[in-house]
Amino acid sequence: MSGPAEPKKYKNPVLNWIEFRLPIISYFEREYGDYPMPKNCNYFWSFGALATIILVVMIVSGIFLAMNYTPHTDMAFASVERIMRDVNYGWLLRYIHSNGAAFFFIVIYIHILRGMYYGSYKYPRELNWILGVFIYLLMMATSFLGYTLPWGQMSYWGATVITNLFSAIPIIGEGLKTWLLGDYTVGNATLNRFFALHYVLPFVIFGVVALHVAAVHVHGSNNPAGIDIKSKGDTVTFFPYMLFKDALAVCAFGVLISAVIFFGPNLMAEVDNYIPADPLVTPAHIVPNWYLAPFYAILRAVPDKLGGVLLMFGAIAILFFLPWLDRSKVRSCNYRPMYKWFMMLFFVNFFILGYVGLKPAEGLYLLIARLGLIYYFGFFLIITPFINWIEKPKTLPASISDIYLGMNK
Amino acid sequence: MAEVKNNKRRSFLQLSTISLGAIGTAGFIWPFLKSMNPAEDTLALGSTEVNIADIEEGQGITVKWRGKPVFIRKRTQKEISEAKAVKLEDLKDPAIDDDRVKKDEWLVLVGICTHLGCVPLGQKITDMKGEYNGWYCPCHGSHYDSSGRIRKGPAPTNLAVPPYSFINDTTIKIG
Amino acid sequence: MKIFILFSLLFFYTSNLFAAESSTKSLPQHEWSFEGITGTFDRGALQRGYQVYSEVCSGCHSMKLLYYRDLIDIGFSEDQVKAIASEFTVIDGPNDEGEMFERDARPADRFVSPYLNDNEARANNNGAYPPDLSVITKAKKDGANYIYNLLLGYKDPPADMEVGEGMYYNIYMEGNQIAMPQPIYDESVDYADGTNNSAEQIAEDLVVFLTWAAEPELEVRKNLGIKVILFFIVLGFIIFLAKNRLWREVH
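Residues numbered from 1 in each chain as written. Chains lettered and ligands numbered in written order. Predicted model: local features only at pLDDT ≥ 70, side-chain atom pairs only at ≥ 80, totals over all residues.

Can you walk me through the overall build of chain C in this structure?
On a plain count of helices and strands, chain C comes out with seven helices and four strands. Ordered by position from N to C terminus, the α and β elements of chain C give α-α-α-β-β-α-α-β-β-α-α. By the burial criterion, 30% of the 251 residues in chain C qualify as buried. Partitioning the intrachain contacts of chain C with sequence separation of at least 6 by distance along the chain shows that 59% fall at a separation of at least 24. (Helix = DSSP H or I, 4+ residues; strand = E, 2+ residues; numbered from the N terminus. Buried ≥ 20, exposed ≤ 12 C-beta atoms within 10 Å, placed from the backbone. Contact = placed C-beta atoms within 7 Å.)

Quick look at the structure:
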């Protein structure tokens, strides 16, 4: 460190007083006021802000739900129903939280796909991408833990199936599973620790999100053209330009999520979770939450237990290496005529995997899942590293402002 | 000229956005705060019925009503006359004894000191009853008389009288 | 790119919903007053539905999540609810002597279950547990239509089918065999308000009551939902104007 810089002066004496002791005012001014955003960013760049807002809403609604929830196998189900019936606006809190989780994943998926399509993971934003994958992993863990808490049939059997994955690990598997559960089966000890972890993990996510945002602000946001900012004319300030754009996105999102919360709050829920957990009866179809279904499809596509588990975790782990698998210097798929289509096919493939993940693992569904699995890994391990041998990227514009010059002519 | 008008319209739009946004945020926070109020099942547990047939003169019992201790005391003739003799000027929170009881010998009080919520002593025969022969709060030294009125100490008001009614001579219903 | 992603999302989303529906045997859809964005419950149907539950179902099926006081919501007065509750006996205690005692139920008590515990319920029903009905319409796919059709789905079994001992044939039950005997017939309940008591009407009233029991917040929820969505649309429109004005000079 080069010693404290000359503190900024403010007219307001209170701000001045704070700034002199902790330069937090100028920090926010720099990072969220004057912060330059490429002016060609489209609405896909609003999904980061959207995700942050949902995270806060999830944490807040979760805290208020926790005030009324009882993490005990005998009382959990009834306490959730008490929230729905007797607690003032309890039904609203719970439906915000349960549907908010699903929408959180929708938003995050769009955010990830945007990052992939426009090459936001490439130099110099690799660490940013890695932090993002960590957030995604933490989100999956948190949502799984949270799904256990209402202690319905799906809660119980979902927890049973997922924790049994660990028993696939040779030698230590069984012991590890018992250690995770704190019991021989999913029981009261499990419910208690899942509740404790479900409460604390979102704050960890929040911390990683702070790093994720700080990291992107170092080199600035990527943009649809995938080229660097050349001058001030290429950018707009975050306030008010991006703020208003993001606010519009939030309103559009608000309409969508409200439609589900108020008019179809159980559309994305599994009906079996309104039956209290019964360790003696397994429901006919156990399915994961739809947002985890693509990985569930991969798990079941492999006939070997350990192999399935490894490939499933591999499918997530491989995301960490994407910045190094992709050798192309061009970021945005808009300028990569071939990779663009493989990328789109990857998205479609991911949706299809999710679809078959919710279906019984047999016949045609199993075949589709296996083909999907092959493309998933083929995309990362073959297409992405080697496509630039044959692909010729389009010419990139000289600067962001040049894009608009071309348009006006 | 057009530029000025333009700016005015812009700031008007931004101002209405911000104010509507603020209303929306407040509306969003409201249900969360509301959820911390007692839930309906808590509110529904309103009343408790108590059998008072076995209480002897000069003794009292403590029952639970809405999670709070309620003192039910059968007062002696001496206590009743003491309570009635007090002049209103001597009271910190003036109230006459007749307004605090339904039947002279039965005194029903919420047993929570109006200072900071401790439970005053005086229910057991061996307890300290304070300087006014009623209740004495050990936390900060408030003295209550035989009508449950504050006489000395930091408490600002008399011990509260809960809503209650006599179902018959031996049963009262609190709440 | 934009259109493509939106399209795929839409596809994924809707296919998911269709997936949920297609796995039930296509149920005939009944028209319900509580459906739609302004749906409400009919108080008359709710009260008749409670009558059906108490006369027909409550002999075997519990509704443990409901309280008698909840009946005030469906239009009973406080005194009526007190009277209804007092017909039931609950075990309370221990009293001052340390003993459990029986007393009349109060509005603040939960619906009294027909059996002391699940094991007794099984023992009395040939091992088949009569499920709790508190949230039954949420616990089945397309719950309201499922229950309605199930109640009216008792038919004579086809000649080539052997119906098990103590089982009944029902075209809407999974596997077509159900342990519950047909509960509802024409005129099996007498309505005080003179409503036609055909089996269809009785089943409909019961399902309305069960839907209310599972989602007592439904009316408030839909009402608030309209306001919230309108708010977002108005706010969004103003932001849209402000944002356009702001960005006009950028491009």
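Now, onward.
Hey, could you run me through the environment of Ala 95 of chain B in this one?
Residues and elements named next belong to chain B. One can find Ala 95 in the loop between helix H3 (77-85) and helix H4 (97-100). For the pair Ala 95 and Ala 44, spaced 51 residues apart in sequence, the C-alpha separation works out to 31 Å. Among residues more than four places away in sequence, those in contact with Ala 95 are Arg 100, Arg 149 and Asn 158.

Honestly, the nonpolar core in this entry has me stumped. Any pointers?
Across soluble globular proteins, nonpolar side chains show a tendency to be buried alongside one another. Within the largest apolar cluster, 98 residues are counted, with the highest numbers of intra-cluster contacts made by Phe 104, Val 107 and Ile 298 of chain A. Sorting elements by how many residues they give to this core places helix H5 (residues 90-117) of chain A first, with 16 residues. The contacts of Ile 298 of chain A, once residues within four sequence positions are left out, are Leu 311, Met 312, Ala 315, Leu 353 and Leu 373 of chain A. Ile 275 of chain A together with Tyr 53, Tyr 67 and Trp 212 of chain C belong to the second-largest nonpolar core, a separate cluster that totals 46 residues. (Core = buried A, V, L, I, M, F, W, Y, C linked by C-beta atoms within 7 Å.)

In this structure, what is going on with the sheet that holds strand S2 (residues 60-65) of chain B? I would like to understand it.
Backbone-to-backbone hydrogen bonds join strands into a sheet, with any given pair of strands oriented parallel or antiparallel. All names here are of chain B. Spatially, the three strands line up as an open sheet ordered S2-S3-S4, and their pairing is antiparallel. The open sheet terminates on both sides in strands that have one partner only, identified here as S2 and strand S4 (106-110). Neighbour-to-neighbour, the strand axes of the sheet open up by a mean angle of 20 degrees, direction not taken into account. Sheet topology places S2 next to strand S3 (residues 68-74); six bridges connect them, and they run antiparallel. In the strand pairing of S3, Thr 62 is matched with Phe 71. (Pairing = 2+ DSSP bridges. Axes fitted to C-alpha atoms, helices over the stretch in contact; angles between N-to-C directions.)

I keep staring at the interface of chain C and chain B and nothing clicks. Help me out?
When the parts of a complex come together, some accessible area is lost, and that lost area is often used as the size of the interface. Facing 12 residues of chain C, the contacting portion of chain B comprises 11 residues. Broken down by class, the residue content of the side of chain C that touches chain B amounts to 10 nonpolar, no polar and two charged. (Nonpolar A, V, L, I, M, F, W, Y, C, P; charged D, E, K, R; others polar.)

Would you mind showing me how to read helix H14 (residues 339-357) of chain A here?
Here H14 of chain A contains 19 residues, and its C-alpha end-to-end distance of 26 Å stays within 8% of the 27 Å for a straight helix at 1.5 Å per residue. Those residues of H14 of chain A lying buried are Tyr 339, Met 343, Phe 346, Asn 349, Phe 350, Ile 352, Leu 353, Gly 354, Tyr 355, Val 356 and Gly 357 of chain A. (Expected span 1.5 Å × (residues − 1).)

Is there a simple way to think about the domain arrangement of chain B in this case?
The domains assigned to chain B are domain 1 (1-37) and domain 2 (43-174). For domain 1 of chain B and domain 2 of chain B, the distance between their C-alpha centres works out to 53 Å. (Domains from an automatic or database assignment.)

Just to check I follow, could you spell out the interface of chain A and chain C for this structure?
Listed per partner, the contact involves 37 residues of chain A and 37 residues of chain C. Only helix H4 (76-85), H5, helix H10 (238-263) and H14 of chain A provide two or more residues apiece to the side of chain A that touches chain C. When residues in the side of chain A that touches chain C are grouped by element, the largest group, 14 residues, is from H10 of chain A. Here the side of chain A that touches chain C is composed, by residue class, of 29 nonpolar, four polar and four charged.

Sorry, what's going on with the confidence of the model for chain C here?
For any part of a model where pLDDT is low, the fine detail of the predicted coordinates should not be relied upon. Residue and element names in this part refer to chain C. On average, chain C scores 88 in pLDDT, and the residues at 70 or more come to 90%. Ranking the elements of chain C by mean pLDDT puts helix H1 (residues 2-22) last, at 50, and helix H6 (residues 199-214) first, at 96. Here residues 15-24 is modelled with pLDDT under 50, and outside its nearest four sequence neighbours on either side it reaches nine contacts, counting other chains as well. Two summary scores accompany this predicted model of the complex, namely pTM at 0.90 and ipTM at 0.92. (pLDDT = per-residue confidence, 0-100.)

Help me understand the sheet that holds strand S7 (residues 150-152) of chain B, please; the structure alone is not making it clear to me.
Residues and elements named next belong to chain B. Judged by pairing direction, the sheet is antiparallel, and its three strands sit side by side in the order S5-S6-S7 without closing on themselves. What marks the edges here is a single partner per strand, and that holds for strand S5 (133-137) and S7. Put simply, the sheet's adjacent strands are angled 35 degrees from each other on average, direction ignored. Relative to S7, strand S6 (residues 142-145) runs antiparallel, the two being bridged by two bridges. Residue His 143 lies in a different strand from S7, and its bridge partner there is Lys 152.

Please clarify how the packing of helix H1 (residues 13-21) of chain A against helix H2 (residues 24-33) of chain A should be interpreted in this entry.
In helix packing, the relevant descriptors are the interaxial angle and the interaxial distance, both defined with respect to the helix axes. Residue and element names in this part refer to chain A. Viewed as axis vectors pointing N to C, H1 and H2 meet at an angle of 95 degrees, and their least axial separation amounts to 7 Å. Comparing their axes, H2 and H1 come out roughly perpendicular. Facing H1, whose interface residues are Leu 15, Ile 18 and Glu 19, H2 presents Ile 24, Ile 25 and Ser 26. The residue makeup of the contact of H1 with H2, split by class, is four nonpolar, one polar and one charged. (Parallel < 35°, antiparallel > 145°, perpendicular 65-115°, else oblique.)

Just checking my understanding: could you explain unusual backbone geometry for this structure?
Across the chain, the bulk of peptide bonds are trans and the bulk of non-glycine residues have phi less than zero. A cis amide bond links Tyr 123 of chain A with the next residue in sequence, Pro 124 of chain A, at an omega value of 5 degrees. By the secondary structure assignment, Pro 124 of chain A is in the loop between H5 and helix H6 (126-148). Of the consecutive residues Phe 239 of chain A and Pro 240 of chain A, the connecting peptide bond is found in the cis state with omega at 0 degrees. Structurally, Pro 240 of chain A is set in helix H10. Phi angles above zero are rare outside glycine, and Glu 187 of chain C is one such case at about 60 degrees. Take Glu 187 of chain C: it is sitting in the loop between strand S4 (177-178) and H6. Residue classification places Glu 187 of chain C among the exposed positions, given that 11 C-beta atoms sit within 10 Å.

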